[in-house]
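Geometric and topological summary
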Amino acid sequence: DFMLDSVEYYVKSNRIGEIKDVYARAGEKGLLDQEMQQTIGNLYYDNGYYKEALAVYDDLLEDNPRIPEVNKRIADYHVEQGKKFLADGELEEAERAFQSGVDADLLSDDAQRNLVMTSREIEKRDTRFGEQKIFNETAKQSELEAEAADRDRDYVQAIQYLADARDRYSAVTDEFPALAREA
């Protein structure tokens, strides 16, 4: 109890180095049981020291990989990270975070739902990228055909090819800057 009280005091005082020292000494003396480790991890977690909490949880899960409350907290952390990545438009990072959440707790509906949603968004984005890439490729081909028609002095056909190229290039959006620059 004294050790847990001191850990709680150090957490609230932002003295993380002290907590690590107390944690290490308790481990050396064989004082850390599952309940104590979980309490320390929870203190870290509840006070926003997620990296430290995850380290304690990892130690705890080495001996018993399925502690529902710990697995849920780990999954919740990864889900929150994933949501931050989504807000920043970093779909692949969000997908990895949600997958980590699912890996931590297979029963996490939030992690499962967000993983599926993000994977679908990535597929849709990749489809849009492919479509816009095709617009650029076919527009470039129309330009080449316009040049060939110009060499053959078929100006009407050349103008039609150029109009087609213009229409295809204008279909490329700013979503993918490299393709937009190319267009």
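Here's a quick rundown of the structure. Here the structure is a predicted model, which is why all the values come from computation and not from measurement.

Let us now look at the overall build of the protein. A tally of helices and strands in the protein yields nine helices and zero strands. Of the regular secondary structure in the protein, the N- to C-terminal order runs α-α-α-α-α-α-α-α-α. Over its C-alpha atoms the protein spans a radius of gyration of 28 Å, topping by over 25% the 16 Å that the globule rule assigns to 183 residues. Seen through its principal axes, the protein has C-alpha atoms that stretch 95 × 30 × 20 Å. The proportion of buried residues among the 183 residues of the protein is 36%. Long-range contacts, defined as pairs at least 24 residues apart, comprise 51% of the intrachain contacts of the protein with a sequence gap of at least 6. Accessible surface for the protein amounts to roughly 11,500 Å². Of this, 50% is attributable to carbon and sulfur atoms. In the protein, 24 positive and 42 negative side-chain charges are present, and the distance between their average locations comes to 3 Å.

Judged by side-chain charge, D58, D59, E62 and D63 come together as a negatively charged surface patch. Of note, D59 is situated in helix α4 (residues 50–63). Looking at D59, the relative accessible area reads 32%, which means it is partly exposed.

Once that is clear, we can look at the environment of E182. Considering the arrangement of structural elements, one finds E182 in helix α9 (residues 177–182). E182 gets classed as exposed once you look at its relative accessible area, which sits at 51%. On a C-alpha basis, the gap between E182 and Y169 in space is 8.7 Å, while along the polypeptide they are 13 residues apart.

Further remarks concern the pattern of salt bridges. Tallying each qualifying case throughout the model produces 14 salt bridges. Here R73 and D46 are joined by a salt bridge, their closest N and O atoms 2.8 Å apart. One end of the pair, R73, is in helix α5 (residues 68–87); the other, D46, is in helix α3 (residues 34–46), and 27 residues separate them in sequence. By relative accessible area, R73 is classed as buried at 17%. One salt bridge in this structure joins R125 and E92, with 2.5 Å as the shortest N-O distance. In this pair, R125 sits in helix α7 (residues 109–151) while E92 sits in helix α6 (residues 91–104), placing the two residues 33 residues apart along the sequence. Sharing partners across several salt bridges, the network here consists of E80, K83, D110 and R113.

Reading guide: rules and limits
- Residues numbered from 1 in each chain as written.
- Predicted model: local features only at pLDDT ≥ 70, side-chain atom pairs only at ≥ 80, totals over all residues.
- Heavy atoms only, no water.
- Helix = DSSP H or I, 4+ residues; strand = E, 2+ residues; numbered from the N terminus.
- Rg over C-alpha atoms; globule rule 2.2 N^0.38 Å.
- Buried < 20%, exposed > 50% of the residue type's maximum accessible area, 1.4 Å probe, protein only.
- Contact = heavy atoms within 4.5 Å.
- Areas by Shrake-Rupley, 256 points an atom, 1.4 Å probe, with all protein chains shown as cover.
- Lys, Arg positive; Asp, Glu negative; His and termini not counted.
- Charge placed at Lys NZ, Arg CZ, Asp CG, Glu CD.
- Patch = residues over 30% accessible without salt bridge, like charges linked within 9 Å, V, L, I, M, F, W, Y side chains within 5 Å.
- Salt bridge = Lys/Arg side-chain N within 4 Å of Asp/Glu carboxyl O.

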